[in-house]
Amino acid sequence: MRPLPEVELVVKQAPVSVDVGRINPSDLEALGAKAGDELELLTRTRAFRVKADPSPDVAKGEIQVNERVLTVLDIEEGAKVVVSVVAAEAVEEVYEPPP
C-alpha cells in the first residue's frame, strides 16, 4: 500500500465555515484529492479535519481556514501545517454462504 501524499502549506485565516479548508486547486491536485474530500491538518502536537474547497483565489502553497481552526491547532496565521487526505475507512465484508 502506497503512503498518501502530503504537502506543507501556510495557514491563512479567512471567513469560511469551521469545517472547510479553502485550498488552491493545484495544491489539491498534488494531494490527489477533489472538492469535498476530507483533509487533515497536522501540527507537531495537534490535528484537525476540514472538507476541501478548491478556489483559484487562494495562493498556491496556502490553505484558508476559520479562526476557530487556528485556535484548536494552537497556531497563528502564517504557521505551516502538513496537509494530507484522510483515507476512506475500509469496509469489512463478511462472506455468508448461501443457505
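Above this note sits the structure.
For clarity, every value in this text was computed on a predicted model and none was experimentally measured.

Engineer: Help me understand the overall build of the protein chain, please; the structure alone is not making it clear to me.
Structural biologist: When helices and strands are counted, the protein chain shows two helices and six strands. Counting from the amino terminus, the protein chain carries its helices and strands in the arrangement β-β-α-β-β-β-α-β. Whereas a compact globule of 99 residues would reach a radius of gyration of roughly 13 Å, the protein chain reaches 16 Å, over 25% beyond that. The principal-axis extent of the C-alpha atoms belonging to the protein chain is close to 60 × 25 × 25 Å. Burial analysis of the protein chain (99 residues in total) assigns 34% to the buried set. Element-wise, carbon and sulfur atoms account for 49% of the exposed surface of the protein chain, whose accessible area totals about 6700 Å². Considering the protein chain, the positive charge centre built from 11 side chains and the negative charge centre built from 19 side chains are found 5 Å apart.

Engineer: What is the right way to read the nonpolar core from this model?
Structural biologist: Nonpolar side chains tend toward joint burial in soluble globular proteins. In this structure, Leu 31, Leu 39, Leu 41, Ile 63, Val 81 and Val 83 are the most contacted members of the largest nonpolar core, which totals 21 residues. Those elements that provide at least two residues to this core are β1 (6-13), β3 (38-42), β4 (47-54), β5 (62-65), α2 (67-73) and β6 (80-85). Every residue in contact with Leu 41, bar those within four places of it in the chain, is listed here: Arg 46, Ala 47, Phe 48, Val 50, Ile 63, Val 65, Val 69, Leu 73, Val 81, Val 82 and Val 83.

Engineer: I keep staring at unusual backbone geometry and nothing clicks. Help me out?
Structural biologist: Note on backbone geometry: most residues besides glycine have negative phi, and most peptide bonds are trans. One non-glycine residue with positive phi stands out, namely Asp 74, at about 60°. Looking at where Asp 74 falls in the secondary structure, it is placed in the loop between α2 and β6.

Engineer: Quick question: what am I supposed to make of the sheet that holds β6 here?
Structural biologist: Across a sheet, strands are paired by hydrogen bonds formed along the backbone, either parallel or antiparallel in direction. Strands sit in the order β1-β5-β2-β4-β3-β6 around a closed barrel of six strands; the barrel is mixed. Each strand axis lies, on average, 45° off the axis of its neighbour in the sheet, ignoring direction. Of the strand pairs in this sheet, β1 and β5 are connected by four bridges, and their pairing is parallel. Directly across from Val 11, in β5, lies its bridge partner Ile 63.

Engineer: I keep staring at the pairing of β6 and nothing clicks. Help me out?
Structural biologist: For a regular strand, side chains alternate in direction, first toward one face of the sheet and then toward the other. As paired elements, β1 and β6 share five bridges and run antiparallel to each other. Bridging from a neighbouring strand, Glu 6 pairs with Ser 84 of β6. Summarising the sheet, β3 and β6 pair through four bridges and their orientation is antiparallel. Opposite Leu 41, over in β6, you have Val 83 as the bridge partner.

The rules we used
Residues numbered from 1 in each chain as written. Predicted model: local features only at pLDDT ≥ 70, side-chain atom pairs only at ≥ 80, totals over all residues. Heavy atoms only, no water. Helix = DSSP H or I, 4+ residues; strand = E, 2+ residues; numbered from the N terminus. Rg over C-alpha atoms; globule rule 2.2 N^0.38 Å. Buried < 20%, exposed > 50% of the residue type's maximum accessible area, 1.4 Å probe, protein only. Areas by Shrake-Rupley, 256 points an atom, 1.4 Å probe, with all protein chains shown as cover. Lys, Arg positive; Asp, Glu negative; His and termini not counted. Charge placed at Lys NZ, Arg CZ, Asp CG, Glu CD. Core = buried A, V, L, I, M, F, W, Y, C linked by side-chain atoms within 4.5 Å. Contact = heavy atoms within 4.5 Å. Pairing = 2+ DSSP bridges. Axes fitted to C-alpha atoms, helices over the stretch in contact; angles between N-to-C directions.

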